[in-house]
Amino acid sequence: MARHHHIRSEQILREALDANGQRFTGQRAAVFRYLLATDSHPTADEVFVAVRSEVPVISLATVYKSLETLVGCGLAIKLTYGDGSARYDGRTDPHHHARCLACSRIFDVAGRLPADEIRELNPGSEGFQVTGYRLEFTGFCEECHEASLGTDPATECATGPATDPTGEPGAAAHSA
Ligand SMILES: [Zn+2]
Ligand SMILES: [Zn+2]
């Protein structure tokens, strides 16, 4: 199953590169495979770290160029932010994103808005030719939200041993 998927993704890549006059390389294939396998919307650095374990000779510059090539071929989406950072998404079907303001993680949001609601926004009013749209929700992911509500780590430390369900004394007592 995984093998079949692997071959199919390579064929998709070959065809798209071919159609755009680009060469197929093992390094580009490794970058593409990684993007398809993750939903973490990684930065170029994160892709570099992940792919390097599979292709040790790959450079950050090659990863960056491969990512841009994939975007140019329509096989990936580049998400750019006001601070100049960029993230890459191997999922190219219409979907939106929710971005955590605390940890910068990006989560996929499936679904589309009803066409008449988009029309109501009238984005083409200034002669702008609309080819698509993307929504970005901003807020706090579950982990960061919980952390912001959570107990002060110092307090947790102090009360931890007292509420130990095993009723055992601390590890320090054992080793003494
Ligand atoms: Zn978060
Ligand atoms: Zn996405």
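As shown above, the structure is provided for reference.
A quick note: this is a predicted structure, and the numbers were derived from the prediction, not measured.

Asker: Honestly, the overall build of the chain in this entry has me stumped. Any pointers?
Answerer: When its secondary structure is counted, the chain shows 8 helices and 5 strands. In the chain, the succession of helices and strands from N to C terminus is α-α-α-α-β-β-β-β-α-β-α-α-α. A buried classification covers 15% of the 176 residues belonging to the chain. Long-range pairs, those at least 24 residues apart, make up 51% of the contacts in the chain between residues at least 6 apart in sequence.

Asker: Any chance you could explain the environment of Thr 25 here in plain terms?
Answerer: Secondary-structure assignment places Thr 25 in the loop between helix H1 (2–19) and helix H2 (26–37). Expressed as a C-alpha distance, the spacing of Thr 25 and Ser 66, which sit 41 residues apart in the sequence, is 9.5 Å.

Asker: Teacher, can you tell me more about unusual backbone geometry here?
Answerer: In most cases, non-glycine residues show a negative phi, while peptide bonds are predominantly trans. In this model, His 41 sits at a positive phi of 50°, which is unusual for a non-glycine residue. In this fold, His 41 is placed in the loop between H2 and helix H3 (44–52). Phi at Ser 104 is positive, roughly 70°, even though this residue is not glycine.

Asker: Would you take a moment to explain the nonpolar core for this structure?
Answerer: One recurring pattern in soluble globular proteins: nonpolar side chains tend to sit buried together. Counting residues in hydrophobic clusters, the biggest one holds 18 residues, and the most contacted among them are Val 31, Leu 35, Val 47, Val 51, Val 63, Leu 67 and Leu 70. Those elements that place two or more of their residues in this core are H1, H2, H3 and helix H4 (60–72). The element that contributes the greatest number of residues to this core is H2, accounting for 5 residues. If we ignore the near neighbours within four places in the chain, the residues touching Val 31 are Val 47, Val 51, Val 63, Ser 66, Leu 67 and Leu 70.

Asker: Looking at this structure, how should I read the pairing of strand E2 (residues 86–89)?
Answerer: Here is the key point about a regular strand: its side chains alternate between the two faces of the sheet. Of the pairings in the sheet, the one linking strand E1 (residues 77–80) to E2 comprises 4 bridges and is antiparallel in character. Bridging across to E2, Thr 80 finds its partner in Ala 86. Counting the residues that bridge the hairpin from E1 to E2 gives 5 residues, and of these Gly 84 lies at a positive phi of roughly 90°.

Conventions and cut-offs
Residues numbered from 1 in each chain as written. Chains lettered and ligands numbered in written order. Predicted model: local features only at pLDDT ≥ 70, side-chain atom pairs only at ≥ 80, totals over all residues. Helix = DSSP H or I, 4+ residues; strand = E, 2+ residues; numbered from the N terminus. Buried ≥ 20, exposed ≤ 12 C-beta atoms within 10 Å, placed from the backbone. Contact = placed C-beta atoms within 7 Å. Core = buried A, V, L, I, M, F, W, Y, C linked by C-beta atoms within 7 Å. Pairing = 2+ DSSP bridges.

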